Amino acid sequence: MSAFESGDPFWSRSAAEIGEALGSSPAGIGAAQAAERLRQHGPNSVEEAGSLSGARLLLRQFESPLVIILVFGAGISLVLRDWTDAGIILAIVLGSTLLGFSQEYRASAAIQQLKRQLALTSRVLRDGVEATVAAASLVPGDVVLLSAGNLIPADGLILEAKDFLVSEASLTGESFPVEKRPGLLPADTALTERTNSVFLGASVRSGTAKAMVVKTGRATAFGTIAARLRARPPETEFQRGLRQFGYLLVRVMTVIVLFVLAMNVLLDRPGVESLLFAVALAVGLSPELLPAIVSVTLSSGARRMAREGVIVRHLEAIENLGGMDILCTDKTGTLTAGVISLDRTTDAAGLDSDRVRRLAYLNAALETGIANPLDAAIVAAGAQHGLTTQGCRKIDEIPYDFLRKRLTIVIEEDGKGGEYLIVTKGAFAEVMQACGSLRREGGTVPLTPALRAEIENYCRDRGDAGFRLLAVATRRLPARATYGRDDEAEMVLEGFLHFFDPPKPDAGAAIQALARLGIRIKVISGDNRYVTRHVAEAIGLNPKSLLTGAEIAALRDEALRLQAPRTDLFVEVDPQQKERIVRALQRAGHAVGFLGDGINDAPALHAADVGISVSEAVDVARESADIVLLRRDLGVLRRGVEDGRRTFANTLKYICITTSANFGNMVSMALATPFLPFLPLAAKQILLNNFMSDLPSIAIATDNVDPGHIARAQRWRIKDVQRFMVVFGLISSVFDLITFATLLFVLRVDEGGFQTIWFVISLLTELAVVLILRTQMPAWRSRPSRLLTWMTVATAIAAFAFPFLGELAKLFSFEPLSATQLAAIVAIVGGYLMATEAAKRWFYRHRRRG
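As the structure is a prediction and not an experimental result, all values here were calculated from the model.

Analysis parameters
- Residues numbered from 1 in each chain as written.
- Predicted model: local features only at pLDDT ≥ 70, side-chain atom pairs only at ≥ 80, totals over all residues.
- Heavy atoms only, no water.
- Helix = DSSP H or I, 4+ residues; strand = E, 2+ residues; numbered from the N terminus.
- Buried < 20%, exposed > 50% of the residue type's maximum accessible area, 1.4 Å probe, protein only.
- Areas by Shrake-Rupley, 256 points an atom, 1.4 Å probe, with all protein chains shown as cover.
- Axes fitted to C-alpha atoms, helices over the stretch in contact; angles between N-to-C directions.
- Parallel < 35°, antiparallel > 145°, perpendicular 65-115°, else oblique.
- Left-handed = near helix turned anticlockwise from the far one by under 90°.
- Contact = heavy atoms within 4.5 Å.
- Nonpolar A, V, L, I, M, F, W, Y, C, P; charged D, E, K, R; others polar.
- Arc of directions from axis to C-beta.
- Patch = residues over 30% accessible without salt bridge, like charges linked within 9 Å, V, L, I, M, F, W, Y side chains within 5 Å.
- Salt bridge = Lys/Arg side-chain N within 4 Å of Asp/Glu carboxyl O.
- Polar contact = N/O pair within 3.5 Å; in protein donor to acceptor, adjacent residues only side chain to side chain.
- Core = buried A, V, L, I, M, F, W, Y, C linked by side-chain atoms within 4.5 Å.
- pLDDT = per-residue confidence, 0-100.
- Pairing = 2+ DSSP bridges.
- Phe/Tyr/Trp six-rings, centres within 6.5 Å; stacked < 30°, edge-to-face > 60°.
- Expected span 1.5 Å × (residues − 1).

**Q** Would you mind going over the overall build of the chain with me for this structure?
**A** Across its full length, the chain holds 31 helices and 23 strands. Out of the 850 residues belonging to the chain, those deemed buried represent 55%. Of the accessible surface of the chain, which amounts to about 35,800 Å², a share of 57% is contributed by carbon and sulfur atoms.

Have a look at this one:
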């Protein structure tokens, strides 16, 4: 086994050689062997084991430049033997990092728990018996069974294959599927030409195969590439906004801190004290808990959404889900009940036919490709009529694909030696293309243009009545070993299968509820226009607002960009057209969500601003999605959108409020430093203030949100954050200057009294302004969450109490306050809150006009 791990070209070895080297066979390995090899090789994953471990998260807290600055400041204090200040700085560093660690650890654990609900599984042969195991537990020597829709779980050698097409775009960049089959290849064969092998990260487009696992985890070709590149996923709009916000804050902070430090030097204040003040100012003016609070808010939203049946695979997708204004979806299971039943089986003339039922049953019962509800309905209906496959043996299968839209089974019947029966089932237009005649009154007649038109009219009428029709055709051919697509010709049209999937009773109400959230539904379906139009009319969509796949193919991209936003129904579309429709809507300026669960949905899921799938989707669709619904229900999705908007609103709320408070403090420091005879706050006081003001911010994740934030999509706008920062930051600065003047010229306090009073006022204003700015409505009309309220109240009480705590107060150089001083604090804070409330009304009124 070690030979393969070191780069042995297994594609140049025979299956027998590989099996012998791995101690395996076409029947797989035993469960005991698999357990032992899992211990040896580790889990089948390209991600670093323990990447979310507690130790790594804790160490990451100390990687912050702000923490490094603080430790540097503590080091200076230790060199100067100022043990008290050094101890205080280190205690606050430890408190902040442990607070950030505890929140991020809980958030990471919650997300990992959600991801485990969606862990990939694989079908394997263990002890010669088929079993379903977690893909992470695969080991070299396992034999995996692959079919359409599966993701390839490891690198391996093909043992058997039937019409097995694999998409390897994630590895090679080649968009066209590659056919895989057993064989031997030279050792120097390029990755793109290794047609006898499968590789982790690829996906099965059609057919079936059996493969022996040779390499797992980081030993795979995909794992090697990932380890070499360590490429990060593309930056989302939310992440980009956070990064731009950070750059803005750092630029402003650098200028002001350098200015303050320079002024202190020019005023000939103690160098070390001035340096510690600048260090504390840099930290105190920076939202060092921002990563933890963003993680907490997003993960809290993800947990809440999970309780509603919405699993978030990528946290940043919450913002995109809330920002979505168009949702593209198929109709089956989303707009319809999803409980498909076989209503009738008829011959080509529309008369009930037991023969067609039996032929369809044989096709559905013997096929081994994509599991689907249509085949399940056929098998269930056949079982009710006592049908079995007794007397029939499957010889071959031509799997379904999205171009032919049909599936063929080759059957050997008892007593019919020398020839085999070919039974084809699929979309009626594609099956009719393969037919040259139809069965009528016990015989066959040529399928003339007049008969074709008659059948098409019949199918259209049934579609208008809400029935989906599949056609069944047969052909008899001489017995031979293998069959292919070319044998689907000159067939006899036997009849039709009539399926009924009624619209969901609540689909219309769900669509209206999404419309109230500013989200339009667009149906993208491969079904014919008649069935789709019937469903659309029943649920309140415009049945006349329709484009067919043929019409889309005739449109240039620019024309489609203009047409797509005005169209509700896209019908008879090819798989490639789904992605094209999504991109056309995006170019028209829309934030697009795509809900899909099939093999051919993966490109559109990738292209959409938020890809949405369901838990029972095929592997490639589920892994391509950002959001996974545990129930295929628009009501669940609506609640997910509301939770997404609520989560994003609370995240942006913290960012805006923190930014404005920090900016105001920066300006105050810059203006006050040249005129004050001493530092406005000692370094340890700034750090304590910053730490205590951050405590209630953790509870923002639980806060209530204005109805307006739920009713419309919210997007990240850095200019709005800048405007908010300047307006409310400057109001804070004005009241800081009023405070300075009051303390110096009215109350005439000394350095200790000044620092004590401003510490209390600064902390109280930071706490109280959260309650004012958390809502666009008047503060008294919007109730904050209970946790945010009580944490704010508790911290405010601590702020008033701190100067009276004896030795602890002396430790931070605080002095007890008089009744007059306490009254001045209350008056200044009250005035600040009233001014902020008034400014808030002006700000949002002015923004709405703009």
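**Q** Whenever I open this one, the packing of helix α16 (residues 449-464) against helix α18 (residues 529-539) confuses me. Can you help?
**A** The description of two packed helices rests on the angle between their axes and on the distance between the axes. Close contact between α16 and α18 brings their axes to 7 Å; oriented N to C, the two are set at 20 degrees. The angle between the axes of α16 and α18 places the two elements in the roughly parallel class. The interaxial crossing formed by α16 with α18 has right-handed handedness. Counted together, Arg460, Gly463 and Asp464 of α16 and Tyr530, Val531, Arg533 and His534 of α18 form the full contact between these two elements. Considered class by class, the residues forming the contact of α16 with α18 number two nonpolar, two polar and three charged.

**Q** Any chance you could explain unusual backbone geometry here in plain terms?
**A** Of all residues except glycine, most have a negative phi; of all peptide bonds, most are trans. Despite not being glycine, Glu572 shows a phi value in the positive range, around 55 degrees. Structurally, the position occupied by Glu572 is in the loop between β20 (569-571) and α21 (575-587). Judged by relative accessible area, which is 24%, Glu572 ranks as partly exposed. The backbone phi angle of Arg748 is positive, close to 50 degrees, even though this residue is not glycine. When you line up the elements, Arg748 lands in the loop between α27 (718-746) and α28 (751-773).

**Q** Even after reading the chapter, I still don't get helix α2 (residues 15-22), so can you show me in this structure?
**A** For an α-helix the count is 3.6 residues per turn, leaving residues at separations of three or four pointing the same way. Residues Ile18, Gly19 and Leu22 constitute the buried set of α2. Along the axis of α2, the buried positions cluster into a sector of 100 degrees, meaning they face one direction only. In α2, the exposed positions that point more than 90 degrees away from the buried face belong to Ala16 and Glu20. After α2 finishes, the residue Gly23 shows a positive phi value of roughly 65 degrees.

**Q** When you look at a nonpolar patch on the surface in this model, what are you seeing that I'm missing?
**A** There is a patch of nonpolar side chains on the surface, built from Val71, Leu78, Trp83 and Leu90 and spanning about 360 Å² of accessible area. Mapped onto the nonpolar patch, the elements with two or more residues apiece are α5 (65-79) and α6 (83-116). As for its position among the elements, Val71 is in helix α5. A residue is classified by how much of its surface remains accessible, and Val71, at 40% relative accessible area, is partly exposed.

**Q** Looking at this structure, how should I read the environment of Phe467?
**A** Among the structural elements, Phe467 can be located in strand β16 (residues 467-478). Through-space distance from the C-alpha of Phe467 to that of Tyr530 is 8.8 Å; in sequence the pair is 63 residues apart. Ignoring anything within four residues of it in the chain, the contact list for Phe467 reads Asp343, Arg462, His498, Phe499, Phe500 and Val531.

**Q** What is the right way to look at the pattern of salt bridges in this model?
**A** Close approach of charged atoms lets side chains of opposite charge pair. Scanning the model with the defined rule gives 37 salt bridges in all. Put simply, Arg476 and Glu413 hold a salt bridge, and the shortest N to O gap is 3.0 Å. Of this pair, Arg476 sits in strand β16 while Glu413 sits in strand β12 (residues 406-413), placing them 63 residues apart in sequence. Using a relative accessible area of 11% as the deciding quantity, one classes Glu413 as buried. Asp643 is the salt-bridge partner of Arg646, the closest N and O atoms lying 2.5 Å from each other.

**Q** Help me understand the side chain of Ser545, please; the structure alone is not making it clear to me.
**A** Structurally, the position occupied by Ser545 is in the loop between α18 and β19 (546-548). Using a relative accessible area of 12% as the deciding quantity, one classes Ser545 as buried. A polar atom in the side chain of Ser545 sits 2.9 Å from the backbone oxygen of Arg566. For Ser545, the side chain forms a polar contact with the main-chain nitrogen of Asp568, separated by 2.9 Å. In this structure Ser545 touches Arg566, Thr567, Asp568 and Leu569, once residues within four positions along its chain are discounted.

**Q** Can you help me understand the nonpolar core in this one?
**A** The nonpolar side chains of a soluble globular protein tend to be buried with one another. Membership of the largest hydrophobic core comes to 66 residues, with the highest contact counts inside it found for Leu321, Leu327, Ile612, Ile627, Leu629 and Leu634. Per-element accounting of this core gives the leading share, five residues, to helix α24 (residues 634-672). Among residues more than four places away in sequence, those in contact with Leu629 are Gly309, Val310, Leu595, Ile612, Ser613, Val614, Ser615, Val636 and Leu637. Membership of the second largest hydrophobic core comes to 31 residues, among which are Val260, Leu676, Ile757 and Leu767.

**Q** Please explain the confidence of the model for the chain as it appears in this structure.
**A** In low-pLDDT regions, the fine details of the predicted coordinates are not to be read closely. Overall, the prediction assigns the chain a mean pLDDT of 83, with 85% of residues at 70 or greater. Across the chain, the secondary-structure element scoring lowest on mean pLDDT is helix α1 (residues 2-5), at 48, and the one scoring highest is helix α13 (residues 354-366), at 95. Residue range residues 228-232 is modelled with pLDDT below 50. Its contacts to residues more than four positions away, or to other chains, number three contacts.

**Q** Explain the packing of helix α17 (residues 507-516) against α24 here, please?
**A** Packing of α17 against α24 brings their axes to within 9 Å, and their N-to-C directions diverge by 15 degrees. Relative to α24, the element α17 is oriented roughly parallel. Of the two possible hands of crossing, α17 and α24 adopt the one that is left-handed. Listed contacts from α24 to Ala510, Ile511, Ala513 and Leu514 of α17 are Leu634, Gly635 and Arg638. Its residues assigned to classes, the contact of α17 with α24 comprises five nonpolar, one polar and one charged.

**Q** Looking at this model, I keep getting lost on the sheet that holds strand β8 (residues 310-312). Mind explaining?
**A** Paired through backbone hydrogen bonds, the strands of a sheet run either parallel or antiparallel to each other. Here we have eight strands laid out as an open sheet, ordered β8-β23-β22-β21-β9-β18-β20-β19, and mixed in their pairing. Each end of this open sheet is capped by a strand with a single partner; those strands are β8 and β19. Averaged over all pairs of adjacent strands, the angle between strand axes in this sheet comes to 20 degrees, irrespective of strand direction. Relative to strand β23 (residues 627-629), strand β22 (residues 610-614) runs parallel, the two being bridged by three bridges. Following the sheet pairing, Ile612 is matched in β23 by Ile627. The strands that α18 touches are β18 (520-524), β19 and β20; relative to β20, the one it contacts most, it runs at about 155 degrees.

**Q** Help me understand the packing of aromatic side chains in this model?
**A** Here a ring pair, both rings aromatic, is described through the centre-centre distance and the interplanar angle of the planes. This model, assessed by the stated rule, comprises 18 aromatic pairs. For the ring pair Phe724 and Phe843, a centre distance of 5.7 Å and an interplane angle of 90 degrees mean the geometry is edge-to-face. Residue Phe724 is located in helix α27, and its partner Phe843 is located in helix α31 (residues 819-849); the two are separated by 119 residues in the primary sequence. Look at Phe843 and you get buried, because its relative accessible area is 3%. Seen in terms of ring centroids, Phe759 and Phe814 are 4.6 Å apart; in terms of plane orientation they differ by 40 degrees. Their pairing is tilted. In this pair, Phe759 sits in helix α28 while Phe814 sits in the loop between α30 (807-811) and α31, placing the two residues 55 residues apart along the sequence. Phe759 sits in the buried class, given a relative accessible area of 0%.

**Q** Would you mind going over the pairing of β12 with me for this structure?
**A** Every other side chain in a regular strand lies on the same face of the sheet, so the side chains alternate between the two faces. Here β12 lies mainly inside the structure; seven of its eight residues are buried. Pairing geometry for β12 and strand β13 (residues 419-427), over six bridges, is antiparallel. What sits directly across from Ile411, in β13, is Leu421. Linking two consecutive strands that pair antiparallel, namely β12 and β13, is a turn of five residues; a positive phi of about 80 degrees is found at Gly415 within it.

**Q** What should I look at first to understand the environment of Gly806 in this one?
**A** Locating Gly806 in the fold gives a position in the loop between α29 (786-801) and α30. Residues Gly806 and Pro816, spaced 10 residues apart in sequence, show a C-alpha to C-alpha distance of 8.7 Å.

**Q** Would you explain α16 in this entry?
**A** Between its terminal C-alpha atoms α16 stretches 22 Å, which fits the 22 Å expected from 16 residues at 1.5 Å a residue. Taken as a whole, α16 has its buried residues at Leu451, Ile455, Cys459, Arg462 and Gly463. Relative to the axis of α16, the buried residues are bounded by an arc of 115 degrees and lie together on one face. In α16, the exposed positions angled more than 90 degrees off the buried face are occupied by Pro449 and Ala450. Once α16 finishes, Gly466 follows within two positions and takes phi at roughly 100 degrees, a positive value.

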